[in-house]
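Close look at the chain arrangement
Single-letter residue listing:
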Amino acid sequence: MSVQRRFAKFLGLAAVGAISIGLAACSSGGDTGSDADSGELTTVGFVAVGPEGAWREANETNVQDTFTKEAGFDLKYAPATNLDQKSQIDAFTSFVDEGVDVILLSATEASGWEDSLERAQEAEIPVILLDRGIEPDDTSLYVTRIAPDNVEVAKEVGAWAVEQFPDGGNYITLEGPAGVGVVNERNEGWNESVEGSDLVQVAAQTANWSAEEGKSVTETLLKANGNDIQLIFAQNDEMGLGAAQAVEEAGLEPGVDVKIATIDGTMAAMEALADGQLSYVHEYNPLFGETALDVVNKTLDGETVESYIIVPSEAFDSAEAAQAVLADRKY
Ligand code: AHR
């Protein structure tokens, strides 16, 4: 890390407004990770989720493709072992002990991060949350969270559902894994929109972000409710695609007998929306590597940033809307 950045770190990142203006003015590394004079790379520890589905693949590939050596960074990618939080905490601890310049964290679990974040703070290593939040949310323990707004996204999904079913209907919710922050945020937004409507939740169950479990859980719930389900809110694309298979195998027509709404906006879901298998897909835009790089540079140059940086995401509510964008989709 360049001299200017070490000086900014030493002074404490969040409190050097005037000093950082001076440093930023003379820093030659303003728009890249390395300092042009020294050529040193900025070391970034990425405590990642690892293999989990199409959204995660798009997100983590985008981050790795952004923090390149050419851009001035040495990105150390540490995916979790089988989504296990302990493996993430171990990687986090190693990055602190190694003295990386900054840590990016996509948490497999929302709780249990206090000790790790306090250790990074004591070592004056800034932590930036990607996608997933922490619970309890103590913004003094990290620089910022970069993610689309799950509550707002799910509110929009719920508003679409209420509009589609003015006379109400029975629905099921397919949730992500218990303990993941975005699951609670998506339930919060959805519930805010459907409260007071005639939509009735007959079941909510995790299908662990997976198409296979989305199909098996939906099969079970359709049988348990005599197929009297008109709507499925799947908290991610894979679970919704699995649900569509179960609906068809139950002799019902997706999009006609049962409308399915999902979150993520990955290619397979957009193709299913274009084909009428899904009825609504809300993006949860994973391509925020450039935003993360900008935030890392600003942070290491002593600038302060917003505590939550919201990544814009679009909604698609028809086959035509999906067909219009399929050719240009980047994930
Ligand atoms: O945290 C984001 C969620 O994690 C995505 O919606 C899901 O597909 C991923 O596994």
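Predicted model, so just to flag it, every value in this text is computed and none were measured.

Some remarks on the site of the ligand
E52, W55, R56, D131, R132, V182, R186, W209, N236, D264 and Y284 make up every residue found near the ligand. One of the side-chain N or O atoms of D131 is found 2.8 Å from an oxygen atom in the ligand. Taken by itself the ligand offers 290 Å² of open surface, and the protein chains cover 99% of this. Mapped onto the shell around the ligand, the elements with two or more residues apiece are α3 (54-66) and α7 (181-194). In terms of residue class, the shell around the ligand is built from four nonpolar, one polar and six charged.

Quick word on the sheet that holds strand β4 (residues 127-130)
Spatially, six strands are ordered β2-β1-β3-β4-β5-β11 in an open sheet, and the strand pairing comes out parallel. Looking at the sheet topology across the chains shown, the edges are occupied by β2 (73-79) and β11 (308-310). With direction set aside, neighbouring strand axes in the sheet form an average angle of 20 degrees. In terms of strand pairing, strand β5 (residues 144-147) meets β11 through three bridges, oriented parallel. Along β11, the bridge assignment pairs I146 with I309. Along the sheet face, α3 touches β1 (42-48), β2, β3 (102-105) and β4 and points at about 155 degrees away from the line of β2.

Some words on helix α9 (residues 237-249)
The end-to-end C-alpha distance of α9 is 19 Å, a good match for the 18 Å that 13 residues give at a rise of 1.5 Å each. Residues D237, E238, M239, G240, G242, A243, A244, A246 and V247 constitute the buried set of α9. Trailing α9 by a residue or two, G251 shows a phi angle of about 85 degrees, which is positive.

Thoughts on the environment of G251
Within the secondary structure, G251 sits in the loop between α9 and β9 (259-264). A residue is classified by how much of its surface remains accessible, and G251, at 62% relative accessible area, is exposed. In sequence terms G251 and N227 are 24 residues apart; their C-alpha atoms lie 9.3 Å from each other.

What about the pairing of strand β7 (residues 199-206)?
Bridge analysis of strand β6 (residues 169-175) against β7 gives seven bridges, and the strand direction is parallel. When the bridges of β7 are listed, T173 appears paired with A204.

What to know about the packing of helix α10 (residues 267-275) against helix α12 (residues 319-326)
Axis separation between α10 and α12 bottoms out at 7 Å; the angle between their running directions is 130 degrees. In terms of their interaxial angle, α10 and α12 are classed as oblique. In this structure, the crossing between α10 and α12 has a hand that is left-handed. Between α10 and α12, the residues in contact are M267, M270, E271, L273 and A274 and A319, A322, Q323, V325 and L326, respectively. Considering only residue class, the contact of α10 with α12 consists of eight nonpolar, one polar and one charged.

Here we look at the pairing of strand β10 (residues 280-283)
Every second residue of β10 is oriented toward a common face, with Y280 and H282 on one face and V281 and E283 on the other, all of them buried. With four bridges connecting them, β9 and β10 associate as parallel partners. Along β10, the bridge assignment pairs T262 with V281. Handedness of the β9-α10-β10 crossover: right-handed.

Definitions and limits used
- Residues numbered from 1 in each chain as written.
- Predicted model: local features only at pLDDT ≥ 70, side-chain atom pairs only at ≥ 80, totals over all residues.
- Heavy atoms only, no water.
- Near = heavy atom within 4 Å.
- Polar contact = N/O pair within 3.5 Å; in protein donor to acceptor, adjacent residues only side chain to side chain.
- Areas by Shrake-Rupley, 256 points an atom, 1.4 Å probe, with all protein chains shown as cover.
- Helix = DSSP H or I, 4+ residues; strand = E, 2+ residues; numbered from the N terminus.
- Nonpolar A, V, L, I, M, F, W, Y, C, P; charged D, E, K, R; others polar.
- Pairing = 2+ DSSP bridges.
- Axes fitted to C-alpha atoms, helices over the stretch in contact; angles between N-to-C directions.
- Contact = heavy atoms within 4.5 Å.
- Expected span 1.5 Å × (residues − 1).
- Buried < 20%, exposed > 50% of the residue type's maximum accessible area, 1.4 Å probe, protein only.
- Parallel < 35°, antiparallel > 145°, perpendicular 65-115°, else oblique.
- Left-handed = near helix turned anticlockwise from the far one by under 90°.
- Right-handed = clockwise from strand over helix to strand, strands pointing away.

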